[in-house]
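# A structural walkthrough
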Amino acid sequence: MKKFLLPIIFLTNFCISNSVKANDYTFLKGSNLSDGYQIYGVNAGGESSLLNTWSAKNSWNESLSGSLSSGLLDQYNGTIIFSVTEMSTSTGETITDSYTLSYDLINNSFTDLGNTSINDKIAYPKGIKQMISEKSDGSIHIGENSAVFKEENGREKFWAQDANGKSIPIDITNGSKLLINGRDVEQSINNVGALSAALTGLPTVPTDTNLACGLGTGTHGGDFAFSGGCASKVNEKLSINYAASMTMPGQEYAGDFEDTFSARAGFIWKLGKTNKPTQISMKAKEKMEAKIGTLTQKNEKLQNTVSTLMARLERLEKIASTDFESQDLASIKD
């Protein structure tokens, strides 16, 4: 007969924090009373606390005895099963009543199992069927509302489903972080967004010069990155650019250096006939405006000169006309 001796080191997978319960302690011990049986929790320092008391169920009882150390421990259901005997000798004969109790470590409660004997028995681990079970397709289910693992085609698949077998989301909550090779997955996603945003603020093609450089910054999901890079115009056909960005230092679970760094490089090669731009630069515009202003001034001067000449011609015409009339009159008189 396989039995489990107590005091025991309590299994931590049955921890439920409510009032005082057996799973709040490292050890358990039992104590006989004349009219009952007591369960104590004992911490690592040896201090004992009363958890619960079983009272004799027969009115004629004079003494009660039981023993946890000869009981059975059901690790999967969190219970201890042990025998109790009530006895009386007051009538001149010995009267006894033996029965079996089950003590629930999680709920701190007793259950009378009647006259069931635990001799030559072990605790049947039926609770493990609810905790871990293997289905016909080879998948391993944990719990009724299951987390499911299945090895298939050289890969370990993992998903979650409800009691009806419907797949449900897996939500990492309560401040826990999902790490892959030591990297925070959520933070990595935010870093990628910040690194990419920072790179977009840098030049790719210089316009008015042969070399253009810049600095940039970007943010995504509360994470920040900064960047730097240049763009160079090799000739009328070819331009190259190169840049790099980094996340802000001091992040937890950020991984190695290559996980916090991003870089790009590229070139632009113009194909076909080069079309001259229809737009002009600011410098060319200023020169053109200056020339237009000079031409305007010259035009105004020319107009003034023309006006003066026209006025003079008009006066000459009047003088010539007057002389011609005078000559005509003189010839008539003669």
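Above this text is the structure in question.
Criteria and cut-off values
- Counting from 1, residues in each chain are numbered in the order their sequence is written.
- Where local features are concerned, this predicted model is filtered to residues with pLDDT of at least 70; where side-chain atom pairs are given and counted, the filter is 80 or more; whole-chain, interface and lining totals use all residues.
- The side-chain figures draw on all heavy atoms in the structure; neither hydrogens nor water molecules are used.
- In the sections that follow, a salt bridge refers to a side-chain nitrogen of Lys or Arg positioned within 4 Å of a carboxyl oxygen of Asp or Glu.
- Only protein chains enter the accessibility calculation, which uses a 1.4 Å probe; a residue whose area is less than 20% of its type maximum is buried, one above 50% is exposed, and one in between is partly exposed.
- Cysteine sulfur atoms that come within 2.5 Å of each other are treated as a disulfide pair.
- Under the DSSP-based scheme used, a helix requires at least four consecutive residues in state H or I and a strand at least two consecutive residues in state E, with every element numbered from the N terminus.
- A pair of strands counts as paired when DSSP detects no fewer than two bridges linking them.
- All axes here are fitted lines through C-alpha atoms, helices being fitted over the stretch that makes contact, and every angle between N-to-C directions spans 0 to 180 degrees.
- Between two residues, a contact is recorded if the distance between any of their heavy atoms is within 4.5 Å.
- Buried residues of nine kinds, namely Ala, Val, Leu, Ile, Met, Phe, Trp, Tyr and Cys, make up a nonpolar core once their side-chain atoms join them within 4.5 Å.
- A 3.5 Å cut-off defines polar contacts: any pair of N or O atoms within that distance qualifies, except that in protein one atom must be a possible hydrogen donor and the other a possible acceptor, and neighbouring residues in sequence count only when both atoms are side-chain atoms.

### Considering the pattern of salt bridges
Counting across every chain of the model gives seven salt bridges. Here Lys177 and Asp184 are joined by a salt bridge, their closest N and O atoms 3.4 Å apart. For Asp184, a relative accessible area of 4% puts it in the buried group. Residue Lys233 pairs with Glu236 through a salt bridge whose shortest N-O separation is 3.9 Å. Through salt bridges with shared partners, one network takes in Asp137, Lys150, Glu152 and Lys157.

### With respect to the state of the cysteines
Scanning all chains against the criterion turns up one disulfide. Put simply, Cys213 and Cys230 are joined by a disulfide, and their sulfur atoms are 2.0 Å apart. Across the S-S bond linking Cys213 and Cys230, the dihedral sits near 105°, which makes this disulfide right-handed. Of this pair, Cys213 sits in strand S16 (residues 211-220) while Cys230 sits in strand S17 (residues 223-233), and the two are 17 residues apart along the sequence. What makes Cys213 exposed here is its relative accessible area of 52%. Among the residues examined, Cys230 registers a relative accessible area of 16% and is labelled buried.

### A closer look at the sheet that holds strand S18 (residues 238-247)
One open sheet holds the four strands; their spatial order is S16-S17-S18-S19, and the pairing between them is antiparallel. Taken across any chain shown, the strands that pair with only one partner, and hence form the sheet edges, are S16 and strand S19 (261-269). On average, adjacent strands in this sheet sit at an angle of 15° to one another, irrespective of strand direction. Here helix H2 (residues 185-199) sits on the sheet in contact with S16, S17, S18 and S19, set at roughly 150° to S16.

### Section: the nonpolar core
Among the nonpolar cores identified, the biggest contains 18 residues, and Phe82 and Tyr103 are the most heavily contacted of them. Contributing elements (two or more residues each) for this core: strand S2 (36-42), strand S3 (48-55), strand S6 (79-88) and strand S7 (95-104). Excluding residues within four positions of it along the chain, Tyr103 makes contact with Ala22, Ile39, Leu51, Asn52, Gly78, Thr79, Ile80, Phe82, Asn108, Ser109 and Phe110.

### What about the pairing of strand S1 (residues 27-32)?
Regular strands place their side chains on alternate faces of the sheet. Here six bridges tie S1 to S2, and the two strands are oriented antiparallel to one another. Across the sheet, the residue bridging to Phe27 is Val42, located in S2. Hairpin remark: S1 followed by S2, antiparallel, with three residues in the connecting loop.

### A short note on the side chain of Asp104
Note on placement: Asp104 falls in strand S7. Polar side-chain contacts of Asp104 include one of 2.9 Å to the backbone nitrogen of Ile106. Those residues in contact with Asp104 that lie beyond four places of it in its chain are Gly78, Thr79 and Ser109.

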